[in-house]
Amino acid sequence: MTGGFQKLQPATPSFNQNGIAQSLQYGDVYHSTAGALAQTQHVFLAGNGLPERWQGLSHFSICETGFGLGNNFLVTWLSWLQDADRSQRLHFVSFEAHPFQRDDLARMHEQTSAELQPLVQQLLAQWPDLLPGIHRLYFENERVTLTLVFGDIEQKAKVVDAQIDAFFLDGFAPRLNPQMWSRRLFGQLVRLSAKGATMASWCSAGQVRRDLQDAGFLIEKVPGFAHKREMIRGVLREKLGRQPRATPAHVLVVGAGIAGAATAAALVRRGIQVTVADPVLKDGTGASHLGHKAIAMTPLLSVDDAPRMRLSRAGMLVAERQWQAAEATDCLPLGTVRVAVDADEDKAAHKAVEALGFPDTWVQYLDVVSMSQQVGDDVAYGGLYFPRAMRVQPDKLIERLFTHPNIRLLATKVLSLEPSEAGWCAVLDTEGTATETLQVDAVALCVAGALPALLPDSVVATKPYPYIKEMELLPGQVSYFVAAEMTKTPTHIVAGEGYVLPEVDGVCTAGSTYGAHGKPAQVTEQGHQEIRDTLQRWRSWLAPASTQGGWAGYRAALKDHLPVYAGSDQSLAIMSGLGSNGFAWSAILAEDLAAAWNNEPRLLERDLSRALGLR
């Protein structure tokens, strides 16, 4: 982890004697006494040459250093809506070490101006639980995005990846909150800058000006707002900043599993044409998981919030926003109870929940009495309860993700990939002996066992990819128990030693087995018995129930139990080795890749990206 885990400390609602919102942590107000709307318009919009600078552009990205009540975002959003010549997309990134709880934020906005109230209500409707990391909110049919980064700004600025056109420097006063004005932070802002990036701030302190100039901004003082005689604005030096990449118009996704489906869905939401190629599609759109009744998507948790846990949490949050739908039953938040297998695991679960301080809407520790009540049966130990864990019907979800007019599905094998002047040329096996070529701008390889053969020689020559060669395909099966024959059927996902899922199509899915690399994936009576033996704790539930088949497949896993995710900064991306957490990890990696290829702020923190790269 970058800088180590830091528990979030929420802001406390407070107003000063003049009725102005203030921070108790820093002893400063959130906006000028002359009004938040007018302050944003004068200091941050006009100071950055807005709205003129975003007019006619495909996208424009803004970053502010302190979200506070969200006034700068709300006013910027309103100004964008009122501008007939606005950019096609507006991206707004904001850091906040002490975010408000949703109800507290609502209270702080009770007196906000009437013209902003509709936007306030939309913000409150999507306001995330206070979990550390990156949260992406979508408005105006995804033409406006808000990327909230919860945590200490000096730590989190290092892990954010974006190309920012304008900065709003809006922390509390330097003497009260020096981290918001440090040279280290300004250096990170330059790293995040696009060519020609600008900045503006109400703060004109001499040290702040000097540090910004040393970092790479040309600074000038201009008339301030209200009682502030001066403010500053600046522009990035000419040779600094990054150019936006060309957004691909047509992408080939190789692989029709959950990684391919999630990637295709994320790309087409951004207006990108997608072709998906996989021979398994001859058996149907969701054929990669054909007959797979249900899986559990449950967050991983550890006291140190290690990379696998952060990646799991990020994936669950993306899946909540992008996969759950009111009319769909293939991705339902039924919750998971994870009963500890012994006293040590029980104690570890309690310690982790206490140390992390996550909201109880995300995870709770339940003692043995509470756990027994939640499960509806006596258990020997307590454990964890994840209220938002999901039961997913894999084939139906994949089919839904692929349902879009800009996704073309080809039941064919990709024989080879080679770079071309226009991007990539794919050779497709159409009818066993016949071939055809497909020209695309970019390729996403969302496959496991087929990956080594698909990597172009020109790419392998520069990077040996040893980890890919060490990937193992581990077979396993789940069993379907006839629900009507069980003495009790779960309403939550029940896990511990094995797992049992709530009923789908008259059966409860239970699992699972793990086989050795190289062994076939098949449903067997031996596998059914192994699952029964694993589920000793729930024997009384399952004993009278017969099995009605099952499902078998492979888990692609690497030695460090992390996936491979590489090439998001290029035109050939790899997403593989997703193991037992493939659905949650596919959600975040697909969304991050689509964001990268569309010049949006990234959803994956940089240290996680490095940990997942080719190693």
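First things first, this report covers the structure right here in the doc. As the structure is a prediction and not an experimental result, all values here were calculated from the model.

Turning our attention to the overall build of the protein chain. Each helix and strand in the protein chain was counted, giving 19 helices and 30 strands. For 615 residues, the compact-globule formula gives about 25 Å, and the C-alpha radius of gyration of the protein chain, at 26 Å, lands near that figure. Dimensions along the principal axes, computed over C-alpha positions, put the protein chain at roughly 80 × 65 × 40 Å. The buried share of the protein chain, reckoned over its 615 residues, is 57%. Taking all contacts inside the protein chain whose residues are at least 6 apart in sequence as the whole, residues at least 24 apart take part in 73%. Of the roughly 24,700 Å² of accessible surface on the protein chain, 49% is carried by carbon and sulfur atoms. For the protein chain, the distance from the average position of its 55 positive side-chain charges to the average position of its 64 negative side-chain charges is 6 Å.

Quick look at the environment of Leu428 now. Looking at the secondary structure, you find Leu428 in strand E21 (residues 423–429). Separated by 14 residues in sequence, Leu428 and Val414 have C-alpha atoms that sit 4.6 Å apart.

Side chains bearing opposite charge may pair, as long as their charged atoms lie close to each other. By the definition in use, this model includes 23 salt bridges. For Glu605, the salt bridge is made with Arg310, and the minimal N-O distance between the two is 3.2 Å. Of the two residues, Glu605 is situated in the loop between helix H18 (582–597) and helix H19 (606–612) and Arg310 in helix H9 (residues 307–322); the sequence distance between them amounts to 295 residues. Since its relative accessible area comes to 8%, Glu605 is described here as buried. You can call Arg310 buried: its relative accessible area is 9%. A salt bridge links Asp592 to Arg602; its shortest N-O distance comes to 2.8 Å.

On the secondary structure map, Pro99 appears in the loop between strand E4 (89–96) and helix H3 (102–108). Given a relative accessible area of 1%, Pro99 falls into the buried group. What Pro99 contacts, discounting residues up to four positions off in sequence, is Leu8, Pro10, Ala11, Trp127, Leu130 and Phe150.

Pairing is antiparallel in the open sheet, where three strands are placed in the order E20-E21-E22. Only two strands of the sheet have a single neighbouring strand rather than two, namely strand E20 (413–420) and strand E22 (435–440). With strand direction ignored, the average angle separating the axes of adjacent strands in the sheet is 25 degrees. Of the strand pairs in this sheet, E20 and E21 are connected by seven bridges, and their pairing is antiparallel.

Another aspect to go through is the nonpolar core. The biggest cluster of nonpolar side chains holds 72 residues, and the ones touching the most others in it are Ile62, Phe73, Leu123, Leu146, Phe167 and Leu212. No other element matches helix H2 (residues 71–82), which puts six residues into this core. Residues within four places of Phe167 in sequence aside, it is in contact with Asn48, Cys63, Leu189, Leu192, Ser193, Ala197, Thr198, Met199, Ala200 and Phe217. Counting 69 residues, the second largest nonpolar core, distinct from the first, contains Val353, Phe386, Ile407 and Tyr565.

Take the packing of helix H8 (residues 258–268) against H18 next. Remark: H8 packs on H18, axes separated minimally by 8 Å, with the N-to-C direction vectors making an angle of 35 degrees. In this structure, the crossing between H8 and H18 has a hand that is right-handed. Where H8 approaches H18, its residues Ile258, Ala259, Ala262, Thr263, Ala266 and Leu267 are matched on the opposing element by Gly582, Phe583, Ser586, Ala590, Glu591, Leu593, Ala594 and Trp597. Residue composition of the contact of H8 with H18, grouped by class: ten nonpolar, three polar and one charged.

A separate point is H2. Relative to the 16 Å expected for twelve residues at 1.5 Å per residue, H2 spans 16 Å between its end C-alpha atoms, a close match to the ideal helical length. Taking burial as the measure, the twelve residues of H2 include ten buried ones, the bulk of the element.

Counting across every chain of the model gives 13 aromatic pairs. Aromatic pair Phe167 and Phe217: ring centres 6.2 Å apart, planes at 85 degrees, arrangement edge-to-face. Placement of the pair is Phe167 in strand E7 (residues 164–169) and Phe217 in strand E9 (residues 217–223), with a sequence separation of 50 residues. Comparing Phe167 with Phe217 shows no difference in burial state: the two are buried. Pairwise contacts between aromatic rings join Phe44, Phe73, Trp77, Phe92, Phe139 and Phe168 into one cluster. Here Arg555 stacks its cationic end above the ring of Tyr514, 3.6 Å away from the centre of that ring.

Now for the sheet that holds strand E17 (residues 383–386). Strand order in the open sheet formed by eight strands is E16-E17-E15-E25-E26-E27-E24-E28, and the pairing between neighbours is mixed. Looking at which strands have only one partner, the edges of the open sheet turn out to be strand E16 (364–366) and strand E28 (547–557). The average angle at which neighbouring strand axes cross in this sheet is 20 degrees, direction not considered. The sheet contact formed by strand E24 (residues 472–482) and E28 spans nine bridges and is antiparallel. When the bridges of E28 are listed, Leu473 appears paired with Ala556. Where helix H10 (residues 343–356) meets the sheet, its contacts fall on strand E15 (336–339), E16 and E17, and the angle it forms with E16 comes to roughly 145 degrees. Sheet contacts for helix H11 (residues 368–375): E15, E16 and E17; angle to E15, the most-contacted strand, approximately 135 degrees.

Conventions and cut-offs
Every residue gets a number counted from 1 within its own chain, in the order that chain's sequence is written. Given that this is a predicted model, residues contribute local features only at a pLDDT of at least 70 and side-chain atom pairs are listed and counted only at 80 or more, while totals for whole chains, interfaces and linings are drawn from all residues. As a rule here, side-chain values cover all heavy atoms of the structure and leave hydrogens and water aside. Only DSSP runs of H or I reaching four residues or more are called helices, and only runs of E reaching two or more are called strands; each is numbered from the N terminus. This radius of gyration counts C-alpha atoms alone. The globule rule is 2.2 Å times how many residues there are, raised to the power 0.38. With a 1.4 Å probe rolled over the protein chains alone, any residue whose accessible area is under 20% of its type maximum counts as buried; one over 50% counts as exposed, and the rest are partly exposed. Between two residues, a contact is recorded if the distance between any of their heavy atoms is within 4.5 Å. In short, Shrake-Rupley with a 1.4 Å probe defines the accessible areas, and a residue's cover is counted only from the protein chains shown. Neither His nor the chain ends is counted toward charge; the positive residues are Lys and Arg and the negative residues Asp and Glu. For charged residues, the charge sits on one atom: NZ in Lys, CZ in Arg, CG in Asp, CD in Glu. We count a salt bridge whenever a side-chain nitrogen from Lys or Arg sits within 4 Å of a carboxyl oxygen from Asp or Glu. Criterion used throughout: strands pair if DSSP finds at least two bridges between them. Structural elements are reduced to axes, namely lines fitted to C-alpha atoms, with helices fitted over the stretch in contact, and the angle between N-to-C directions of any two is expressed from 0 to 180 degrees. For this analysis, a nonpolar core means a set of buried residues of the types Ala, Val, Leu, Ile, Met, Phe, Trp, Tyr and Cys, connected via side-chain atoms within 4.5 Å. Left-handed describes a crossing in which the near helix is turned anticlockwise from the far one by less than a right angle; the clockwise case is right-handed. Under this grouping Gly is polar, as are all residues other than the nonpolar Ala, Val, Leu, Ile, Met, Phe, Trp, Tyr, Cys and Pro and the charged Asp, Glu, Lys and Arg. Expected helix span is computed as 1.5 Å times (number of residues minus one). Each Phe, Tyr or Trp ring (for Trp, its six-membered ring) is paired with any other whose centre lies within 6.5 Å, and the angle between the two planes then decides the class: stacked below 30 degrees, edge-to-face above 60, tilted in between. Placement of a positive charge over a ring is assigned whenever Lys NZ or Arg CZ falls within 6 Å of the ring centre and within 35 degrees of the normal to the ring plane.

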